[in-house]
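Architecture and fold: a report
Chain residues, written in single-letter form:
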Amino acid sequence: NMSQTDPSIQDVAALQERVERKERLLVVGGTLIVLTIGLVCGLLVPTGDDLPSGSLGRFSNVLGWTYFAAWSLSFYPQAVLNYFRKAVDGLSFEYQLFNIIGFSCYATFNVMLYFADFIRDEYRERYDAAPGVRDTDVFFALHGLALTIVIVIQICIYDRGQQRLANWAILAAAALVIAIGIYAAVVASNASGSWLDFIEFLSYIKLAITVIKYAPQAFLNYRNKSTVGCNIHNFLLDFTGGSLSLAQVLIDAGATGDWSAISGNVAKFGLGLVSILYDIVFFVQHYGLYRSRHDPKLLRAAGTDAAREPLLSKAV
């Protein structure tokens, strides 16, 4: 008999339903935002000279704006979850450390290749083609860096539970920063290499970081036998963005016969491919291996927010 059920169990069930209902609304809203930005901007914003002509170029433009929207929004679910939980346990700190280094490299690569004329000229001489970096790439990289900084700040101020940043990650991050600094100093002194070599080096660092940065999160999920604290919608949006990015690059290259967008921008192509593979791993963990969604910290936060609502006003 429902009336004889423990009230505390009823409250927990109601809170869980409240959280899941909000999550579903956020998923629907996020999907609509991504599709709206992709269709509206892709159809209205003029296509670049580097895109195929005609309807294929317009389709490529829609793909570009849609993956831009998906990748850009992919940073928000984790930041929002951290905010509501007031906790970051379940989120790999090593993942975020490598993320901030990676996006620093990627932002520098895109900004310099997009704005620095002398680097763009050197790129054309080397690859006999215009650089494949677009304004959306620049915004995405800077926006991703900014949101990653926000998440790192959250790690510093919110409840971390028993989690600590691993020493091996600190040493690896320090080695990467030192290597980047030495390379920049060598190029600045005109001893060897060029600035195009330097930013391409940064793009390879970004790619290398992408290969390893997800592994600590996957291992943490395995160790906890849970994905609680790690927002799966981040990876759903990441998967969408990566898939559409690869599709756009392949469509553009096949239509124009210019494959330099891949050979001259390995970071963008490799980033999409590697991200997709890791996203699939997280899907298997979240929807297959570790299906429990019970998150006491999120339920406690939801209970606090709902305390003034009639449904939960009698909570014990």
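This text follows the structure it describes.
1. Considering the side chain of Asp 137
Inspection of the secondary structure assignment puts Asp 137 in helix α6 (residues 135–157). Of the polar contacts made by the side chain of Asp 137, one reaches the side chain of Tyr 67; its length is 3.0 Å.

2. Side note on the packing of aromatic side chains
If you walk through the whole model with that rule in mind, you get 23 aromatic pairs. Plain terms: the ring middles of Phe 219 and Tyr 222 are 6.3 Å apart, the flat faces sit at 40° to each other, and that makes the pair tilted. Here Phe 219 pairs with Tyr 222, and both are found in helix α8 (residues 195–224), just three residues apart, close to one helical turn. Clustering of aromatic rings is evident, with ring pairs tying together Tyr 67, Trp 71, Phe 75, Phe 103, Tyr 106 and Phe 140. When the ring centre of Tyr 106 is taken as reference, the NZ or CZ atom of Lys 206 above it lies at 5.9 Å.

3. What about the side chain of Thr 148?
Its location among the elements puts Thr 148 in helix α6. At 2.7 Å, the side chain of Thr 148 forms a polar contact with the backbone oxygen of Gly 144. Setting aside residues no more than four positions away along its own chain, Thr 148 makes contact with Phe 75, Gln 96, Asn 99, Ile 100 and Phe 103.

4. What to know about the pattern of salt bridges
Between side chains of opposite charge, pairing is possible as soon as their charged atoms come close. Counting across every chain of the model gives five salt bridges. Notably, a salt bridge pairs Asp 121 with Arg 124, separated by 3.2 Å at the nearest N-O pair. With Asp 121 and Arg 124 both in helix α5 (residues 117–127) and three residues apart, this pair spans about one turn of that helix. Each of the salt bridges in this network shares a partner with another, and the network as a whole consists of Glu 122, Arg 126, Asp 197 and Glu 200.

5. Concerning α5
Along α5, the residues classified as buried are Ile 119, Arg 120, Glu 122 and Tyr 123. Relative to the axis of α5, the buried residues are bounded by an arc of 160° and lie together on one face. Exposed side chains of α5 directed beyond 90 degrees from the buried face belong to Asp 117 and Glu 125.

6. Some thoughts on the nonpolar core
With 22 residues, the main nonpolar core has Cys 105, Leu 113, Ile 119, Ile 180, Leu 196, Phe 198 and Ile 199 as its most contacted residues. Of all the elements in the fold, those that place two or more residues in this core are α4 (93–115), α5, α7 (167–188) and α8. Discounting chain neighbours no more than four positions away, the residues touching Ile 199 are Phe 109, Met 112, Leu 113 and Ile 119. Membership of the second largest hydrophobic core comes to 18 residues, among which are Val 88, Leu 207, Cys 230 and Phe 283.

7. Let's talk about the packing of α4 against α5
The contact between α4 and α5 brings their axes to 5 Å, and the two run at 85°. Regarding the angle of α4 to α5, the classification is roughly perpendicular. Only Asp 117, Ile 119, Arg 120 and Tyr 123 of α5 make contact with α4, whose side of the interface consists of Met 112, Leu 113, Tyr 114 and Phe 115. Class assignment of the residues belonging to the contact of α4 with α5 gives a composition of six nonpolar, no polar and two charged.

8. Re α7
Its 22 residues place the ends of α7 32 Å apart at the C-alpha level, agreeing with the 32 Å of an ideal helix rising 1.5 Å per residue. Here α7 has its buried residues at Ala 169, Ala 173, Ile 180, Ala 184 and Val 187. Relative to the axis of α7, the buried residues are bounded by an arc of 65° and lie together on one face. Opposite the buried face of α7, by more than 90 degrees, sit the exposed residues Asn 167, Leu 171, Ile 178 and Ile 182. Against the buried residues of α7 lie α4 and α8.

Cut-offs used in this document
- Residues numbered from 1 in each chain as written.
- Predicted model: local features only at pLDDT ≥ 70, side-chain atom pairs only at ≥ 80, totals over all residues.
- Heavy atoms only, no water.
- Helix = DSSP H or I, 4+ residues; strand = E, 2+ residues; numbered from the N terminus.
- Polar contact = N/O pair within 3.5 Å; in protein donor to acceptor, adjacent residues only side chain to side chain.
- Phe/Tyr/Trp six-rings, centres within 6.5 Å; stacked < 30°, edge-to-face > 60°.
- Lys NZ or Arg CZ within 6 Å of the ring centre and 35° of its normal.
- Contact = heavy atoms within 4.5 Å.
- Salt bridge = Lys/Arg side-chain N within 4 Å of Asp/Glu carboxyl O.
- Buried < 20%, exposed > 50% of the residue type's maximum accessible area, 1.4 Å probe, protein only.
- Arc of directions from axis to C-beta.
- Core = buried A, V, L, I, M, F, W, Y, C linked by side-chain atoms within 4.5 Å.
- Axes fitted to C-alpha atoms, helices over the stretch in contact; angles between N-to-C directions.
- Parallel < 35°, antiparallel > 145°, perpendicular 65-115°, else oblique.
- Nonpolar A, V, L, I, M, F, W, Y, C, P; charged D, E, K, R; others polar.
- Expected span 1.5 Å × (residues − 1).

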